[in-house]
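# Close look at the chain arrangement
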Amino acid sequence: MRLARPLENLIDELMKLPSIGPKTAQRMALYILKEPEAEARNLAKAVIEAREKIAPCSNCGYLTDIDPCVLCLDEKRDSRILCVAEEASDIIAIEKTGFNGRYFVINQDFNLMDNSELEFRTLEKFKAKLAAGGIQEVVLALNPDIDGEVVSRYLAQIASQYNIKITRLAHGLPVGGDIEYADEITLRRAIEGRHEF
Ligand SMILES: [Zn+2]
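Note that the structure is a prediction, hence the values are computed from the model and not measured.

## Observations regarding the overall build of the chain
- Helix and strand counts for the chain come out as 8 helices and 6 strands.
- The secondary structure elements of the chain, listed N-terminal to C-terminal, are α-α-α-β-β-α-β-α-β-α-β-α-β-α.
- Taken against the 2.2 N^0.38 rule, which gives 16 Å for 197 residues, the C-alpha radius of gyration of the chain at 21 Å runs more than 25% over that of a compact globule.
- Each principal axis of the C-alpha distribution contributes one length, and for the chain these read about 65 × 45 × 35 Å.
- Considering the chain as a whole, with its 197 residues, one finds that 16% of them fall into the buried category.

The following block contains the structure:
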């Protein structure tokens with residue numbers, strides 16, 4: 001069935017969003033058309049405003065509308081611990097755990113298969129942070145995949161030159177999971193990371 005061009009455009013744009021398939025995109029588009037016009041304008045305005053005003057914090061890489069960000073400005077945080085994460089969205093998740101140290105977000109896609117490497121700029125920033133002193137522990141919180149593993153090792157190597165304790169997130173079995181179905185790497189990590197009961 002042919003849809004009106006503007007409706008088709010809207011569906012196409014929505015489908016570009018993560019985990020939105022054609023059916024969901026169509027449902028969202030029809031919903032936007034059905035609700036009061038002011039609501040649709042608010043949505044469009046929020047998208048534009050967020051895009052214009054939010055940028056990575058120049059200090060830690062978290063997404064912010066003020067620079068440095070609220071996390072960097074918070075004096076109650078423990079500056080001795082620096083948590084390295086891949087993306088700002090990881091910080092949102094880590095913050096929910098009550099972690100109270102500082103952050104360093106890489107904010108850059110690295111894919112070893114594509115031969116893309118960590119930018120020189122990112123590395124220099126990381127080294128400058130360590131060289132500035134005061135950091136006693138670097139927590140590597142990169143994704144538990146091959147790329148995250150390789151980059152973690154690389155960053156750990158750099159941090160070791162500054163005589164800083166390096167830790168990484170424990171990887172284990174998901175709560176509610178089944179040992180029988182856990183993949184080999186997850187299970188091996190869980191055994192390596194076992195602790196006293
Ligand atoms: Zn910041």
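## As for the domain arrangement of the chain
- Segmentation of the chain into domains returns domain 1 (5-53) and domain 2 (74-168).
- Computed over C-alpha atoms only, the centres of domain 1 and domain 2 are separated by 35 Å.

## Concerning the environment of L63
- Position of L63 among the secondary structure elements: in strand β2 (residues 63-64).
- Leaving out residues up to four positions away in the same chain, L63 has contacts with I54, P56 and A88.

## With respect to the nonpolar core
- Judged by nonpolar contacts, the single largest core of 23 residues is most densely connected at C60, V84, A85, Y103 and V105.
- Only β3 (78-85), β4 (101-105), β5 (137-141) and α7 (146-160) provide two or more residues apiece to this core.
- Look past the residues within four positions of V84 in its chain and what remains in contact with it is F104, V138, V139, L140, A141, L142 and L155.

## Concerning the pairing of β3
- Here β3 runs beside β4; their pairing, made up of 5 bridges, is parallel. Opposite D78, over in β4, you have G101 as the bridge partner.
- The β-α-β motif built from β3, the intervening helix α5 (residues 88-95) and the parallel element β4 has right-handed crossover chirality.
- Bridging between β3 and β5 involves 5 bridges; their strand directions are parallel. Note that in β5 the partner of I81 across the bridge is E137.

Calculation notes
Residues numbered from 1 in each chain as written. Predicted model: local features only at pLDDT ≥ 70, side-chain atom pairs only at ≥ 80, totals over all residues. Helix = DSSP H or I, 4+ residues; strand = E, 2+ residues; numbered from the N terminus. Rg over C-alpha atoms; globule rule 2.2 N^0.38 Å. Buried ≥ 20, exposed ≤ 12 C-beta atoms within 10 Å, placed from the backbone. Domains from an automatic or database assignment. Contact = placed C-beta atoms within 7 Å. Core = buried A, V, L, I, M, F, W, Y, C linked by C-beta atoms within 7 Å. Pairing = 2+ DSSP bridges. Right-handed = clockwise from strand over helix to strand, strands pointing away.

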